[in-house]
Amino acid sequence: MSRGILQADVKNHGLVLDPRTKLLLMFTMAVFVLGYTGGEELQFLAPFFCLIPTIAFISAKKISLAAVYTAIYSLSLAVIFLWGGKTSGILNFLILGICGILSRFLPCMMMGTYLVSTTTVSAFTAAMERIHLSEKIIIPLSVMFRFFPTVVEEARSVNAAMKMRDIRLGKAGIFKILEYRIVPLMVCCVKIGEELSAAALTRGLGGTVRRTNICKIGFHVQDWIVILFCMIPFVFLILHFMGISV
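Since the structure is predicted, the reported quantities are computational estimates derived from the model, not experimental observations.

The rules behind each value
Residues numbered from 1 in each chain as written. Predicted model: local features only at pLDDT ≥ 70, side-chain atom pairs only at ≥ 80, totals over all residues. Heavy atoms only, no water. Helix = DSSP H or I, 4+ residues; strand = E, 2+ residues; numbered from the N terminus. Buried < 20%, exposed > 50% of the residue type's maximum accessible area, 1.4 Å probe, protein only. Areas by Shrake-Rupley, 256 points an atom, 1.4 Å probe, with all protein chains shown as cover. Contact = heavy atoms within 4.5 Å. Core = buried A, V, L, I, M, F, W, Y, C linked by side-chain atoms within 4.5 Å. Expected span 1.5 Å × (residues − 1). Axes fitted to C-alpha atoms, helices over the stretch in contact; angles between N-to-C directions. Parallel < 35°, antiparallel > 145°, perpendicular 65-115°, else oblique. Nonpolar A, V, L, I, M, F, W, Y, C, P; charged D, E, K, R; others polar. Phe/Tyr/Trp six-rings, centres within 6.5 Å; stacked < 30°, edge-to-face > 60°. pLDDT = per-residue confidence, 0-100.

## Quick look at the overall build of the protein
Within the protein one finds 10 helices and 0 strands. Going from N to C terminus, the protein has its helices and strands arranged as α-α-α-α-α-α-α-α-α-α. Evaluated residue by residue, the protein yields a buried proportion of 37% over its 246 residues. Summed over all atoms, the accessible surface of the protein reaches about 14900 Å², with 72% contributed by carbon and sulfur.

## Some words on the side chain of Thr54
Secondary-structure assignment places Thr54 in helix α3 (residues 52-59). Note on Thr54: relative accessible area 12%, which makes it buried. Residues contacting Thr54, with those up to four places away along its chain left out, are Ala66, Tyr69 and Thr70.

## Considerations on the nonpolar core
Among the nonpolar cores identified, the biggest contains 23 residues, and Leu25, Phe49, Phe57, Tyr69, Met111 and Tyr114 are the most heavily contacted of them. Examining the composition of this core, we find that 5 residues originate from one element, helix α5 (residues 89-117), more than from any other. The residues touching Leu25, leaving out its near neighbours within four places in the chain, are Phe49, Ile52, Met111, Val226 and Cys230. Ranked by size, the runner-up nonpolar core spans 10 residues in total, among them Ala123, Ala127, Met128 and Phe145.

## Points about helix α4 (residues 63-83)
When the terminal C-alpha atoms of α4 are compared, their 30 Å separation across 21 residues agrees well with the 30 Å that a helix rising 1.5 Å per residue should span. Those residues of α4 lying buried are Leu65, Ala66, Tyr69, Tyr73, Ser76 and Val79.

## What about the packing of helix α1 (residues 19-34) against α5?
In contact at an axis separation of 9 Å, α1 and α5 are set at 175° when each is read in the N-to-C sense. Judged by the angle between their axes, α1 and α5 are roughly antiparallel. On the side of α1, the interface is formed by Pro19, Lys22, Leu23, Leu25, Met26, Met29, Ala30, Val33 and Leu34, while α5 contributes Ser103, Arg104, Phe105, Pro107, Cys108, Met111, Gly112, Tyr114 and Leu115. Of the residues that constitute the contact of α1 with α5, the class distribution is 14 nonpolar, 2 polar and 2 charged.

## Thoughts on α3
Along an α-helix, residues three or four positions apart point the same way, because every turn accommodates 3.6 residues. Turning to α3, its buried residues number three or more, namely Ile52, Pro53, Thr54, Ala56 and Phe57. Taken from the residues just after α3, Lys61 is the one with a positive phi, measuring 65°.

## So, the packing of aromatic side chains
Overall, the coordinates contain 6 aromatic pairs when judged by the stated rule. Ring centres of Phe32 and Phe234 lie 5.1 Å apart, and the angle between their planes is 75°; this geometry places the pair in the edge-to-face category. One end of the pair, Phe32, is in helix α1; the other, Phe234, is in helix α10 (residues 221-241), with 202 residues separating them in the sequence. Ring geometry for Phe49 against Phe229: centres 5.0 Å apart, planes inclined by 45°, an arrangement best described as tilted. Of this pair, Phe49 sits in helix α2 (residues 46-50) while Phe229 sits in helix α10; the two residues are 180 residues apart in sequence, bridging distant segments of the chain. Among the residues examined, Phe49 registers a relative accessible area of 2% and is labelled buried. Members of the aromatic cluster, connected to one another through ring pairs, are Phe27, Phe32 and Phe234.

## A few points about the confidence of the model for the protein
Across the protein, pLDDT averages 79, with 86% of residues at or above 70. At the low end of the mean pLDDT range in the protein sits helix α8 (residues 169-172), at 64; at the high end sits α1, at 89.

Right under this line is the structure:
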């Protein structure tokens, strides 16, 4: 059975990075790519960060996903640079709006996809315990890690069932589509949340005794390289606030 793009595959996770490194990388991308921190002076760093999901997916042998992401991101940038300043009115608003959202949200979304698809719940929990994060935060995050992949699989199953019954938009109408697809998915989401919460408690999360973990996590050479790479834009940001041009 083929895995979804959000399903964690421990046998084919590509470049081995500590979950804390992946979180730092995603946080840095959110600050400088999505948040536009530093303004125009630091935006020369954004393309370098936007290449990271492509490299990560290639290392994890998700070539098709890397190609789709790279094509969409490159097309968005090309449209902004080629036609963003040459148009006006509603067309300019659509170009800057759609392409701007894609070029800023998509890299962070893809980095989040890589994080979820290459990190097991056990490894993530062990990493969060290493930084002494409260279990009130660890348990919801651990449930969320498996919630979204499971919902995606349930959505695919609902779509397959609707195709089998020949229920499509042109035949059933918009209201029937909402009833036959959205309602079962909502019921599945509630059930999945309850089952994952029970599974997390069964594994010992939330107990009074310290939970053991057999996952081997830690920082290696590649982690320190990525951490150093993430520190560079923050150094530039500090220099920018001090009035030192970079």
